[in-house]
Each structure stands twice: as C-alpha cells, then as structure tokens.
Amino acid sequence: MTDSRHHLSAECFTGLAVGSGSAASVAELRSGQRSRAMLLVRALVDLTAAHPALPGPLPPAEEAWRLLIRAERRSPAAVERLLLHPQTGVWLSRCLRRLRGQEPADAPLWSETGYLYAVAASAALLAGIDFRIAAVVRDGGVMLPALGFALLPDPATDLAEVVGTGEGATVVAGPHTVPLPAPGFAEDAPGWYGLRRLRGEHRGHICSPFLDDVDPYRDFFRRRPPDRLSEDAWERWQERFAGAWRLLAEQRNVDPSGVAACVASVVPVPYAAHPEPFSASSPEAYGCVLINAPVAEPDLAAALVHEAQHIKLSALMDLVPLIEGGREEVHHAPWRLDPRPLRGLLQGVYAFLGVTGFWQDRRHRAEDGPAKDTAAFEFALRRVQTSHGLETLRTHAELTPLGRSFLDQAAERLAGWLAEPVPPVPRRLAEDLVVDHRLVYRMRHLRPEPARLARWARAWRTRGAPPRELPPTSVEPALAETAARTALARLRFADPERLRDRNGGDDAPDGADLAWVMGDRAAALRGYRGRLARAPDDVAAWAGLALTLPDGAARAALLRAPEVALAVHRALRETGGAVPDPVALATWIGTAACL
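Quick caveat, the model's predicted, so the values are computed rather than measured.

Undergrad: Even after reading the chapter, I still don't get the overall build of the protein, so can you show me in this structure?
TA: When helices and strands are tallied, the protein shows 23 helices and 19 strands. The C-alpha radius of gyration of the protein comes to 28 Å, within 12% of the 25 Å expected for a compact globule of 595 residues. The dimensions of the protein, computed from C-alpha atoms along their principal axes, are 90 × 55 × 55 Å. Put simply, the protein has 595 residues, and 55% of those count as buried. A fraction of 69% describes how many contacts in the protein between residues 6 or more apart in sequence connect residues 24 or more apart. Counting every atom, the protein has about 24,700 Å² of accessible surface; 52% of that belongs to carbon and sulfur. The protein carries 70 positive and 72 negative side-chain charges, and their two centres are separated by 5 Å.

The structure is reproduced here in structure tokens:
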C-alpha cells in the first residue's frame, strides 16, 4: 500500500471493502484512533491552560496530563484502554466544542473539564501506580471511566480525591471514603457500581463489551446521570446478548472477530424507533452502540453488525479519504425517510452491506418456518436497499480513487447476493417496500416550484393537456412518518397467525395495508382510494395507490412524479371547486409527454 493509505495494509482495506474486516483489520483502525485521541487530549490540556474560567477549584490540567504520562510509562495498555474508551471520546468531543464556544453550557466549565482528571485516575489505577488526584463530584458521586461509579453519601460537595496505593484504592470526599473493590474494580461493593460486562462466547469467538448504565457520557446524544439496571433487566440483557452472539459467531460473511474487536460498550437508552429497533453509533464514541432494549436475538445480532460497520467505516475514513465533500448535497436513502448527505449515504450503504451479509447467511442456517422466512425477507429487503444507495453514491458522490475502489469491491460482493434466488413473496414485498419508501420520501420532502405547479393546476381546471415539462423540485425537509407497511411485512413472516387475526376490511385503519401485505391488490386499491377520500393528504395512501394500481398511465405518473400528483391535487383542493379523483388526476398526469 502507498503512503496515501497511512500504511493501512492492502488486506485490511480489501477485507473492509467487502463488508467484513477481521480483528487484525480493526487493530489497524484502533491504532489510528489511539493517536487521534491522544492528540485531542493534549489539545484540551493546552486550551484549558489558556481559558480564563479554568481550572476553577481543580489543580491545573497539566497535573492530570502528567499522571496520564506516568501511567503510560508503566502500562501503555492501560492508557490505551482509557483513550479508546467510547465515553472518553464523547466527553473529549463535547468538551472541546464547549471550550470553543460551540456547545451549550449545563454546568460549570471546570466540572466538564474535570472528567480529564477521572480519565487519568482510571489509567493510573489500571497501571497500578501510587497517586493522588482531585476528582469532580457530579450526579451524586465520582465517575471513574472504564471502571465504575463511586456513590457518595454527601453529594453536596463539589470535589473528591482518588487515591491509589499498594494497599488499595479509595475515593475520598470530606469525611467519607469509598473503598474500590480489587482486583479489577468490576464487582459491585458498598458505595460502588462496577462497570459490568456482557459476555458472548461461541465457537471460540468471544465478545465482552461493557453494558454501561452509569457513565454520564455513555449516551452521545445527551448527558445522562447514572441509572443502574435492576438485576432482572441485567439478566435479560445478558441472556439476549449471549443468544445474539451465538448467531453472529456462526457468520461466514461478517467476521465475528472484527465485530467483537469493534464493540466496546453497549448502552441501554429509552429512544423509540419504528419499525426498526433503535440502535446508533457515533464517530465521537468509537466502539459504542446505543440500543433501546434487549430485542429478539436475530435483531440484536443484526444491530451489532450494523453498528460495527459504522464504527469500522468511521475509523477508516479518519485514515483514508474516500469521498470529497459530501456534507452539503442531500439525497434519498432507502432506509431513512429524511434527506441524507452523501457521507451519511456512504455510511448507510456500508452498514447495510454488512446487514445484508448477515441475513444472507442466516437464511441458509435458520430452521424452516418463521425464522427462515424472516431471514429471506430481511435479506431481500436489505440487498435492494443497499443496491439503490450504492447506485446513488456512484452517480452523485465525488469519490477519491480509493473511494471508487472501495465501492467497486462492495458492489462486486453485493452483485452475487442480488443474483441469489429468493422466494416470490418476500421478494415482492421487499421490492414494493423500496418503491414505497422512495415515493413517501418524495412526497414528504420534494416541493414543486409554485409557478410551474400553478400551470399544471390551471391545465386540469380548463380540461387542457398537461404541460410538456414537469415542474422542478427543491428539497424541503419535513417531519417523517413511520413506515407501517414495513412492520406489517415483518409480521407476515415472523407471526403470520397474528397477522391473519387482525381486523382487515376496507374500512379498517390499516385494512388496505393488510390487504397489500397478503397480496390482495384489488382490496388494497379499494382501501387506499377510500383512505384518500377521507384524508386527501394521506401520503402513505398515495404511495399505496402506486403499489396497487394496474400498469398504465396513472401508475406510471405516481411512480415517476408522486410529489407532482399530490401537489396538484392539493392546489386544486385549496382553490375550491370539485375535488379531483386521485386516480383520474394521476391518469391525466400520466399522459404528459414528459412521462
């Protein structure tokens, strides 16, 4: 490899490009992340030295830096563990933004920069050196990153001390002393919440990330005080994680050793998502995965693969330029209903390439029945989504030579999966859902130019021919809705009896969607027409028309320019007069020469 890849090995680059990546590949990425973190810590120390509000009641930040250097001399691995701890990354990014005036304040600045002293204390404890250093008391105690949380009976005090000697370690605040359990600090003890680890082990592959419910920086979306899981909740997490890891460790398409090396911290969060389980990762929190609940084992395994892909790609892009710009221009992403920048689209393509591989392998391993049917559907859906996203990137993104090579290798891997036969029902539903998603996106976020749109409305009112050109559109992000049809499609494979027991019928709120998912296009079409008669701005019903209309001018118009059909219909309603039948209007639009 040339120096332009920062000494990244060819084997590492190729392994990542095809959607996998071994533990050795991840180790190369970690090396770059470690260097980056150390530079950011040094930058933070320099900024605090020059800031008029610092160090507050704390000693100079240089003292924490010196302790960190002492710990590194004794144990480089201990310092690396702290530098690469995801919560350290979240704090570093947030604190640097605040020092530069780019982050709102919710506490004194010195209490934010005080996490640096806790990082140094944790590194010193892991290195086994004698030390004494100040620590900030917040949320009722002292957080020692990567170790645990010391609860203090008198949280009114602002400062404590962390002390490490050959006889043990303590957190001291006034008259109160919290002894830290040895060895390893992982066990709970009076006044101490140890940072617990999940454990999955199967076929020689081990994954043991923290299940972090105490670090205030564990959630990269917002600062969150400690919220200790109950024993029952902890056991449910462990049970589901162990089962998910068994599925993941059997993978042939995604190297489980690479996933294990990526995922350092799993954080329970209360965020809801539909129809997907919520999961998230961030370049600022290398190795951290937010998940909203211990979901079904296959879904949890797929989420771990998904987020590990994001973690790997973010680290790779810190070392290797793949795309120029890509933050301004926005496009449709087949897995999200909000407009996405091209860099975000690249992240999504790579994440879902890994997820496609997971489900491709899973469908060949699962037993006949709902598990195999679900895997076939998820595979069919994810491969088509990934293909559409990849096509958008290759059409619109300004890729570097390495970026083109990366996507070419990803496309070659995907091509084999696209050629793989899938049973007709999951294939139909997956392909319909990708079309459905694009239509809803266009109607939600694309706005036809008003003057040109008015010409189309006038032409309809005067019974003239449609104009020769479609009105140009602009992207105006709007509130995105949930995708009900995707949830019903999943239910058809995971629990078909439950789906059949639901109340269908044309007049039921989801009657048209139920008919669509069961393949009754005539009933679905009646249902969508009825929904639009009651609620003409029902975007999902307009998309449903396109999915269920027979081939012809109306369907062609809705597939090609759904935003025009909806906007013309809305303009005609707003100016009074007879409300046009949506199918009749779509048929008229479909006769336009531009279609």
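Undergrad: I'm lost on the pattern of salt bridges in this one. Help?
TA: Side chains that differ in sign of charge can pair as their charged atoms come close. A complete count under the given rule lists 36 salt bridges for this structure. Asp139 is the salt-bridge partner of Arg223, the closest N and O atoms lying 2.9 Å from each other. Here the residue Arg223 occupies a position in the loop between strand E10 (210-211) and helix H8 (231-249), and Asp139 occupies one in the loop between strand E1 (131-136) and strand E2 (141-144), the gap between them amounting to 84 residues. Residue Arg223 is classed as buried on the basis of its relative accessible area, which comes to 17%.

Undergrad: For this particular structure, what's the right way to read the nonpolar core?
TA: Of all hydrophobic cores here, the largest spans 128 residues; its most connected members are Leu316, Leu322, Phe406 and Leu545. When residues in this core are grouped by element, the largest group, 11 residues, is from helix H10 (residues 297-319). When neighbours within four sequence positions are excluded, Leu322 is seen to be in contact with Phe13, Leu313, Leu316, Met317, Leu346, Leu399, Thr400, Leu402, Gly403 and Phe406. Judged by nonpolar contacts, the second largest core, of 73 residues, contains Tyr115, Leu125, Ala173 and Phe185.

Undergrad: Even after reading the chapter, I still don't get the packing of helix H12 (residues 370-396) against helix H13 (residues 401-418), so can you show me in this structure?
TA: How two helices sit against one another is set out by the angle between their axes and by the gap between those axes. The N-to-C vectors of H12 and H13 enclose an angle of 145°; their axes lie 10 Å apart at closest approach. H13 is crossed by H12, and the crossing has left-handed handedness. Counting all contacts with H12, which are made through Phe379, Arg383, Thr386, Ser387, Leu390, Leu393 and Arg394, the residues of H13 involved are Leu407, Asp408, Ala411, Leu414, Trp417 and Leu418. Counted by class, the contact of H12 with H13 contains 8 nonpolar, 2 polar and 3 charged residues.

Undergrad: Which parts of the structure should I look at to understand the environment of Gln385?
TA: You can see Gln385 is positioned in helix H12. With 232 residues separating them along the chain, Gln385 and Pro153 place their C-alpha atoms 53 Å apart. Once residues lying within four places of it in the same chain are set aside, the contact partners of Gln385 are Pro334, Trp335 and Val434. Within polar-contact distance, the side chain of Gln385 engages the side chain of Arg382 at 2.8 Å.

Undergrad: Looking at this structure, I do not really get the state of the cysteines. What am I missing?
TA: Covalent bonding between the sulfur atoms of two cysteines defines a disulfide. Tallied over the entire structure, the rule returns 0 disulfides. The thiol sulfur of Cys262 is not disulfide-bonded, and the nearest other cysteine sulfur, from Cys207, lies at 9.7 Å. Judged by its relative accessible area of 1%, Cys262 falls in the buried class.

Undergrad: What is the right way to look at the sheet that holds strand E4 (residues 159-165) in this model?
TA: In sheet architecture, strand pairing relies on hydrogen bonds along the backbone and comes in two forms, parallel and antiparallel. Pairing is antiparallel in the open sheet, where 4 strands are placed in the order E1-E4-E5-E6. Every other strand in the sheet has two partners, leaving E1 and strand E6 (176-180) as the edge strands with one partner each. Neighbour to neighbour, the strand axes of the sheet diverge by 20° on average, direction disregarded. Sheet topology note: the strand E5 (residues 168-173)/E6 ladder contains 5 bridges and is antiparallel. Across the sheet, Thr170 pairs through a bridge with Pro179, a residue of E6. Running over the sheet, helix H7 (residues 115-127) touches E1, E4, E5 and E6 and is turned about 145° from E1.

Undergrad: Whenever I open this one, the side chain of Asn253 confuses me. Can you help?
TA: You can see Asn253 is positioned in the loop between H8 and helix H9 (256-262). Residue classification places Asn253 among the buried positions, given a relative accessible area of 11%. Among the polar contacts made by the side chain of Asn253, one reaches the main-chain carbonyl oxygen of Gly357 at a distance of 2.7 Å. There is a polar contact of 3.2 Å between the side chain of Asn253 and the side chain of Arg413.

Undergrad: Teacher, can you tell me more about the packing of aromatic side chains here?
TA: The geometry of an aromatic ring pair comes down to the distance between the two centres and the angle between the two planes. Inspection of every chain in the model, using the stated rule, returns 12 aromatic pairs. For the pair Trp91 and Tyr115, a centre-to-centre distance of 5.2 Å together with 40° between the ring planes defines the contact as tilted. With Trp91 in helix H5 (residues 86-99) and Tyr115 in helix H7, this residue pair connects regions lying 24 residues apart in the sequence. For the residue pair Trp91 and Tyr115, the accessibility class agrees, reading buried in each case. Aromatic side chains Tyr271 and Phe278 sit 5.4 Å apart centroid to centroid with 65° between the ring planes, which places their arrangement in the edge-to-face category. By the ring-pair criterion, three or more aromatic residues cluster together here, those being Phe220, Phe221, Tyr271 and Phe278. In this arrangement the basic side chain of Arg42 is found over the ring face of Trp65, its NZ or CZ atom lying 4.8 Å from the centre.

Undergrad: Looking at this model, I keep getting lost on the sheet that holds strand E3 (residues 148-151). Mind explaining?
TA: Spatial ordering of the open sheet is given by E2-E3-E7, a layout of 3 strands whose pairing is antiparallel. Strands with a single pairing partner mark the edges of an open sheet, and in this sheet they are E2 and strand E7 (192-194). Between one strand axis and the next, the sheet turns through 15° on average, direction left out of account. When E2 meets E3, the two strands line up antiparallel, connected through 4 bridges. Considered in E3, the bridge of Leu144 is made with Gly148.

Undergrad: Explain unusual backbone geometry here, please?
TA: With glycine set apart, most residues show a phi of negative sign, and most peptide bonds adopt trans. The omega torsion across Leu54 and Pro55 is 15°, close enough to zero to call that bond cis. Cis geometry is adopted by the peptide bond preceding Pro183, which originates at Ala182 and carries an omega value of -10°. Its identity as a non-glycine residue notwithstanding, Ala146 has a phi of 70°, on the positive side. Take Ala146: it is sitting in the loop between E2 and E3. Notably, Phe185 is not glycine yet its phi reads approximately 70°, a positive angle.

Undergrad: Mind showing me how you'd approach H13 here?
TA: Spacing of three or four residues puts side chains on the same side of an α-helix, whose turn is 3.6 residues. With 18 residues, H13 should reach 26 Å at 1.5 Å per residue; the first-to-last C-alpha distance of 25 Å fits that figure. Those residues of H13 lying buried are Leu402, Gly403, Phe406, Leu407, Gln409, Ala410, Ala411, Leu414 and Trp417. Of the surrounding elements, those touching the buried residues of H13 are helix H1 (10-17), H10, helix H11 (342-365), H12 and strand E17 (398-399).

Undergrad: What is the right way to read the side chain of Arg363 from this model?
TA: Tracing the backbone through its elements, the reader meets Arg363 in helix H11. Of the polar contacts made by the side chain of Arg363, one reaches the side chain of Glu420; its length is 2.5 Å.

Calculation rules
Residues numbered from 1 in each chain as written. Predicted model: local features only at pLDDT ≥ 70, side-chain atom pairs only at ≥ 80, totals over all residues. Heavy atoms only, no water. Helix = DSSP H or I, 4+ residues; strand = E, 2+ residues; numbered from the N terminus. Rg over C-alpha atoms; globule rule 2.2 N^0.38 Å. Buried < 20%, exposed > 50% of the residue type's maximum accessible area, 1.4 Å probe, protein only. Contact = heavy atoms within 4.5 Å. Areas by Shrake-Rupley, 256 points an atom, 1.4 Å probe, with all protein chains shown as cover. Lys, Arg positive; Asp, Glu negative; His and termini not counted. Charge placed at Lys NZ, Arg CZ, Asp CG, Glu CD. Salt bridge = Lys/Arg side-chain N within 4 Å of Asp/Glu carboxyl O. Core = buried A, V, L, I, M, F, W, Y, C linked by side-chain atoms within 4.5 Å. Axes fitted to C-alpha atoms, helices over the stretch in contact; angles between N-to-C directions. Left-handed = near helix turned anticlockwise from the far one by under 90°. Nonpolar A, V, L, I, M, F, W, Y, C, P; charged D, E, K, R; others polar. Polar contact = N/O pair within 3.5 Å; in protein donor to acceptor, adjacent residues only side chain to side chain. Disulfide = S-S within 2.5 Å. Pairing = 2+ DSSP bridges. Phe/Tyr/Trp six-rings, centres within 6.5 Å; stacked < 30°, edge-to-face > 60°. Lys NZ or Arg CZ within 6 Å of the ring centre and 35° of its normal. Expected span 1.5 Å × (residues − 1).

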